[in-house]
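An overview of the molecular structure
So the chains spell out like this:
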There are 2 protein chains.
Amino acid sequence: MRKNAVEQLSEYLAGQGLRSTTQRDQILQVFISAGRHLSAEELYLRVKKPHPNIGYATVYRTLKLLAEAGLADERRFEDGFTRYEYKASDDHHDHLICTKCGAIIEFENERIEALQQDVARKNHFLVQNHKLELYGLCGDCRKKDR
Amino acid sequence: MRKNAVEQLSEYLAGQGLRSTTQRDQILQVFISAGRHLSAEELYLRVKKPHPNIGYATVYRTLKLLAEAGLADERRFEDGFTRYEYKASDDHHDHLICTKCGAIIEFENERIEALQQDVARKNHFLVQNHKLELYGLCGDCRKKDR
DNA sequence: CTACGTATTGAAAATGGTTTTCAATATCAA
DNA sequence: TTGATATTGAAAACCATTTTCAATACGTAG
Ligand SMILES: [Mn+2]
Ligand SMILES: [Mn+2]
Ligand SMILES: [Zn+2]
Ligand SMILES: [Zn+2]
């Protein structure tokens with residue numbers, strides 16, 4: 001999976017007349033092996049350890065690039081940071097976000113997706129993408145809360 | 001409706017040990033009579049005309065205050081601005097947002113809401129609030145697009 | 001393999017929406 | 001009316017992200 005992603009990036013870069021660089025490969029490697037829903041700063045800190053000479057701006061630039069290349073999804077939750085998650089396939093999912101501990105749970109629900117299409121159709125609307133986020137308390141935080 | 005909202009604000013302010021001011025009332029008046037989903041700057045410009053001495057920061061502060069008072073809903077779509085809409089009752093709605101012309105269509109769908117609760121329940125999650133936004137092309141823009 | 005045009009990089013400065021600071025002013029309970 | 005303090009307007013600060021710019025790395029033509 002790791003090697004494949006680097007190849008995927010190379011192909012995208014070549015196709016766009018862009019260049020493969022060691023920084024881009026290194027950032028991608030760390031990105032994939034790190035946890036999901038990382039902010040640019042979180043990734044920067046993780047990249048810094050093995051590759052101390054990589055700059056902040058390059059991490060920002062590379063994350064945007066990965067999103068364009070289809071290797072990452074860009075997410076903006078309500079915490080003021082743009083977050084990215086590695087995207088292996090074309091599958092889509094939405095999120096439950098704990099307002100107390102920050103935990104993020106992913107889910108898919110094709111019935112909701114279908115109903116969204118119904119809503120769109122009724123309004124002569126063509127959906128390109130959507131965002132569904134449920135904010136509240138996760139199981140753990142509900143227990144601790146009492 | 002207009003007078004009632006000003007009263008509602010006064011009651012909230014009194015209850016919180018805060019003060020009623022002419023600026024707050026004036027901003028609320030303009031806010032209600034203006035269109036929906038306004039950014040702070042849009043409201044500021046509208047407020048400026050009848051009340052040229054009101055400051056930028058006061059508009060920002062008052063919008064946050066109206067949200068706390070339950071008189072406004074805060075929305076963050078994907079355009080980088082926080083937007084506010086007047087909230088008369090406790091009803092909830094979601095949005096279709098045209099990526100071409102910026103049109104915003106509101107909708108309610110209780111079947112989707114119910115399914116969201118199902119998802120939450122399955123994940124031992126207690127939903128406090130949620131965000132559902134469908135981005136794409138509105139009817140008009142679909143026609144023009146061909 | 002080498003040279004050259006240019007894409008990319010890192011550091012620092014800039015950007016832009018929003019928030020904070022601060023001295024002057026307004027509110028309101030006593 | 002007075003005094004304690006909440007609020008205001010203007011300007012500065014904040015802060016995530018983007019841009020600038022000179023130095024460097026990439027990759028292809030030769
Ligand atoms: Mn996710
Ligand atoms: Mn709305
Ligand atoms: Zn939690
Ligand atoms: Zn449109």
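Quick caveat, the model's predicted, so the values are computed rather than measured. (Residues numbered from 1 in each chain as written. Chains lettered and ligands numbered in written order. Predicted model: local features only at pLDDT ≥ 70, side-chain atom pairs only at ≥ 80, totals over all residues. Heavy atoms only, no water.)

1. What to know about the protein's contact with DNA strand C
Defined as follows: Summary of the distance rule: residues count as near a molecule or strand when at least one heavy atom falls within 4 Å of that molecule or strand. Nitrogen and oxygen atoms within 3.5 Å of one another constitute a polar contact, given that in protein one can donate a hydrogen and the other can accept it, and given that sequence-neighbouring residues count only through two side-chain atoms. Helix and strand definitions follow DSSP, with helices as H or I runs of at least four residues and strands as E runs of at least two, each counted in order from the N terminus. In the scheme used here, Gly and all other residues not listed as nonpolar or charged are polar, with Ala, Val, Leu, Ile, Met, Phe, Trp, Tyr, Cys and Pro taken as nonpolar and Asp, Glu, Lys and Arg as charged.
Close contacts around DNA strand C come from 21 residues, with Arg19(A), Arg24(A), Thr58(A), Arg61(A) and Thr82(B) the closest. Arg19(A) places a polar side-chain atom, nitrogen or oxygen, 2.6 Å from a base oxygen of DNA strand C. Looking at the surface near DNA strand C, the elements with two or more residues in it are α2 (22–33) and α4 (56–68) of chain A together with α4 (56–68) of chain B. Of all the elements, α4(B) adds the most residues to the surface near DNA strand C, at five residues. Residues of the surface near DNA strand C, tallied by class, amount to seven nonpolar, eight polar and six charged.

2. Describing the protein's contact with DNA strand D
With respect to spatial proximity, 22 residues lie near DNA strand D, and among them Thr82(A), Arg19(B), Arg24(B), Thr58(B) and Arg61(B) are the closest. Protein-proximal atoms of DNA strand D, defined as those within 4 Å of the protein, fall in sugar or phosphate at a share of 69%. Backbone polar atom of Thr82(A) to a phosphate oxygen of DNA strand D: 2.7 Å apart, as the coordinates give it. Counting only elements with at least two residues in the surface near DNA strand D, the list comes to α4 of chain A together with α2 (22–33) and α4 of chain B. It is α4(A) that contributes the most residues to the surface near DNA strand D, five residues altogether. A breakdown of the residues in the surface near DNA strand D according to their chemical character gives seven nonpolar, nine polar and six charged.

3. What to know about the relation of the copies chain A and chain B
The test is simple: Least-squares fitting of one copy onto the other uses the C-alpha atoms of those residues that reach a pLDDT of at least 70 in both copies. We call two residues in contact when some of their heavy atoms are within 4.5 Å.
After a rotation of 180° and a shift along the axis of 0.0 Å, chain A superposes on chain B with an RMSD of 0.1 Å. Seen this way, the second copy is the image of the first under a two-fold rotation axis. Rotation axis and chain A: the residue whose C-alpha lies nearest the axis is Leu132(A), separated from it by 2.2 Å. Interface residue correspondence from chain A to chain B reaches 100%, placing this contact among same-surface, isologous pairings.

4. Observations concerning α4(B)
An α-helical turn contains 3.6 residues, so any two residues separated by three or four positions project in the same direction. All names here are of chain B. Applicable threshold: Here the expected length of a helix is defined as 1.5 Å per residue gap, with one fewer gap than residues. Exposure is judged per residue with a 1.4 Å probe applied to protein chains only, and the accessible area is read against the type maximum: over 50% gives exposed, under 20% gives buried, and values in between give partly exposed. Arc, as used here, means the arc of the directions from the helix axis to the C-beta atoms.
Taking 1.5 Å of rise per residue, the 13 residues of α4 would be expected to cover 18 Å, and the 19 Å separating its terminal C-alpha atoms lies within 8% of that figure. Within α4, the full set of buried residues consists of Val59, Thr62, Leu63, Leu65 and Leu66. One side of α4 holds all its buried residues, which, seen down the axis, span an arc of 160°. Residues Arg61 and Glu68 are exposed on α4 and point more than 90 degrees away from its buried face. Positive phi appears at glycine 70, one or two residues downstream of α4, with a value of about 80°.

5. Focus on the interface of chain A and chain B
You'll often see interface size given as the accessible area lost when the parts meet. The following threshold applies: Summed over both partners, the accessible area (1.4 Å probe) lost when two parts come together is defined as the buried area. Salt bridge, as used here: a side-chain nitrogen of Lys or Arg that lies within 4 Å of a carboxyl oxygen of Asp or Glu. Any two strands are treated as partners once DSSP identifies two or more bridges connecting them.
Every contact between the two is made by 33 residues of chain A and, on the other side, 33 residues of chain B. Buried surface at the junction of chain A and chain B, summed over both partners, amounts to about 3200 Å²; 61% is from carbon and sulfur atoms. For the interface between chain A and chain B, the tally reads four salt bridges. Its salt-bridge partner being Lys131(B), residue Glu78(A) comes within 3.1 Å of it at the nearest N-O pair. Counting every contact that joins chain A to chain B gives 18 residue pairs in polar contact (both at pLDDT 80 or more). Those elements that place two or more of their residues in the side of chain A that touches chain B are β4 (94–98), β5 (104–107), α5 (110–122), β6 (126–137) and α6 (139–145) of chain A. Top contributing element to the side of chain A that touches chain B by residue count: β6(A), with 12 residues. Looking at the side of chain A that touches chain B residue by residue, the classes come out as 17 nonpolar, 10 polar and six charged. With 11 bridges joining them, β6(A) and strand β6 (residues 126–137) of chain B adopt antiparallel strand pairing. From the neighbouring strand, Gly136(A) faces β6(B), where its bridge partner is Val127(B).

6. Focus on the coordination of the zinc ion (ligand 3)
Residues and elements named next belong to chain A. Put simply, the rule is: Coordination shells were defined by N, O and S atoms within 2.8 Å of each metal, extended to 3.2 Å for Na, K and Ca; water is absent from the atom set, which can make sites look incomplete. Note on geometry labels: four donors, all angles 85 to 135 degrees, give tetrahedral; four donors become square planar and six octahedral when opposite donors are over 155 degrees apart and every other angle is between 65 and 115; remaining cases are irregular.
Within the protein, Cys98 (SG), Cys101 (SG), Cys138 (SG) and Cys141 (SG) serve as the donor atoms for the zinc ion (ligand 3), at 2.2 to 2.4 Å. One can describe the site at the zinc ion (ligand 3) as tetrahedral: its four donor atoms subtend angles covering 104 to 114° at the metal. When the donor residues of the zinc ion (ligand 3) are listed from N- to C-terminus, their spacing reads C-x2-C-x36-C-x2-C. The class of cysteine 141 is buried, set by a relative accessible area of 4%.

7. Observations regarding the side chain of Lys131(A)
Mapped onto the fold, Lys131(A) is located in strand β6. Once residues within four sequence positions are removed from consideration, Lys131(A) is found in contact with Arg76(A), Asp94(A), Glu78(B), Lys131(B), Leu132(B) and Glu133(B).

8. Details of the pattern of salt bridges
Counted by the stated rule, this structure contains 24 salt bridges over all chains. Two residues, Arg76(B) and Glu78(A), come together in a salt bridge whose shortest N-O distance is 3.5 Å. Note that Arg76(B) is positioned in strand β2 (residues 72–76) and Glu78(A) in the loop between β2 (72–76) and β3 (82–86), a pairing that runs across two chains. Judged by its relative accessible area of 32%, Arg76(B) is partly exposed. Among the ionic pairs, Glu42(B) bridges to Arg83(B), the shortest N-O distance being 3.2 Å. With Glu42(B) in helix α3 (residues 40–48) and Arg83(B) in strand β3 (residues 82–86), this residue pair connects regions lying 41 residues apart in the sequence. Residue classification places Glu42(B) among the partly exposed residues on the basis of a relative accessible area of 34%. Among the ionic contacts, a cluster of salt bridges with common partners joins Arg36(A), Asp73(A), Arg75(A), Glu85(A), Lys87(A) and Glu106(A).

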